[in-house]
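Examination of the molecular architecture
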Amino acid sequence: MAIKSKNIKWKDRRRRMGLPLSFTRYALSDDRLFLQTGAFNLKDEEVVLYRVRDIGLKRTFWQRLCGVGTLVIQSSDKSMPKFEMKNIKKPTEVKEMLHEAVEDMKIKRRIRIGEYSTALLDDDDDDLDDDDDDDDDDR
């Protein structure tokens, strides 16, 4: 079972009405995020933390009443590019914990350098072209 691996920082189950009455389990380790579903036939999925691109939080009115929320995670993982951790307890704290773990893993793997260099390549310098056009009109 993947969720029983060492170095688990956090784990929870999907909740119904605030109670852990589900066969969906979530866990966070130092380097991976785990998702396990099923009662008799188990399905284990995992995402390496440095592949996480975005973390969002959704809370409906009923989720807020029950003290739960849904984390929406976008990743560059081929098997799970987008998944939701539904109805987890203390979702804001878990989101911050996940964010810190993702940032730590990206720093360890030196992933940040690639993101910054691609951001610089996307700048098309439109503002520089506009100045040149104004000079041509004055002549």
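Overview of the structure. (Residues numbered from 1 in each chain as written. Predicted model: local features only at pLDDT ≥ 70, side-chain atom pairs only at ≥ 80, totals over all residues. Heavy atoms only, no water.)

Attention now goes to the overall build of the protein. Within the protein, the secondary structure is distributed over four helices and seven strands. When the helices and strands of the protein are placed in sequence order, the string is β-β-β-β-β-α-β-β-α-α-α. Counting across all 139 residues of the protein, residues that qualify as buried make up 30%. Pairs at least 24 apart in sequence give 37% of the contacts found in the protein among residues at least 6 apart. Here the protein displays about 9600 Å² of accessible surface, and carbon together with sulfur accounts for 49% of that area. (Helix = DSSP H or I, 4+ residues; strand = E, 2+ residues; numbered from the N terminus. Buried < 20%, exposed > 50% of the residue type's maximum accessible area, 1.4 Å probe, protein only. Contact = heavy atoms within 4.5 Å. Areas by Shrake-Rupley, 256 points an atom, 1.4 Å probe, with all protein chains shown as cover.)

As a further point, take the sheet that holds strand β1 (residues 8-13). Pairing within the open sheet is antiparallel, and its four strands lie in the order β1-β2-β3-β4. Taken across any chain shown, the strands that pair with only one partner, and hence form the sheet edges, are β1 and β4 (43-48). On average, each strand axis in the sheet is tilted by 15° relative to the strand beside it, whichever way the strands run. Pairing between strand β2 (residues 25-29) and strand β3 (residues 32-37): four bridges, direction antiparallel. Counted as the bridge partner of A27 is F34 from β3. (Pairing = 2+ DSSP bridges. Axes fitted to C-alpha atoms, helices over the stretch in contact; angles between N-to-C directions.)

All right, on to a nonpolar patch on the surface then. A grouping of F61, W62 and L65 is seen on the molecular surface, where their side chains present a nonpolar patch of about 400 Å² in accessible area. Along the chain, F61 falls in helix α1 (residues 61-66). (Patch = residues over 30% accessible without salt bridge, like charges linked within 9 Å, V, L, I, M, F, W, Y side chains within 5 Å. Salt bridge = Lys/Arg side-chain N within 4 Å of Asp/Glu carboxyl O.)

Before going further, it helps to spend a moment on the side chain of N87. Note on placement: N87 falls in strand β7 (residues 82-89). Among the residues examined, N87 registers a relative accessible area of 16% and is labelled buried. Within the local environment of N87, its side chain forms a polar contact with the backbone oxygen of R15, the two atoms lying 3.1 Å apart. Of note is the side chain of N87, whose polar atom sits 2.6 Å from the side chain of Q63. (Polar contact = N/O pair within 3.5 Å; in protein donor to acceptor, adjacent residues only side chain to side chain.)

With respect to topology, three strands assemble into an open sheet ordered β5-β6-β7, the strand pairing being antiparallel. Lying at the two open borders of the sheet, with one neighbouring strand each, are β5 (52-58) and β7. Along the sheet, successive strands turn relative to each other by an average axial angle of 20°, direction set aside. The pairing of strand β6 (residues 68-75) with β7 spans six bridges and is classified as antiparallel. Residue pairing across strands places I73 opposite F83, the latter belonging to β7. Against the sheet, helix α2 (residues 91-109) touches β5, β6 and β7, its axis set at about 175° to β5.

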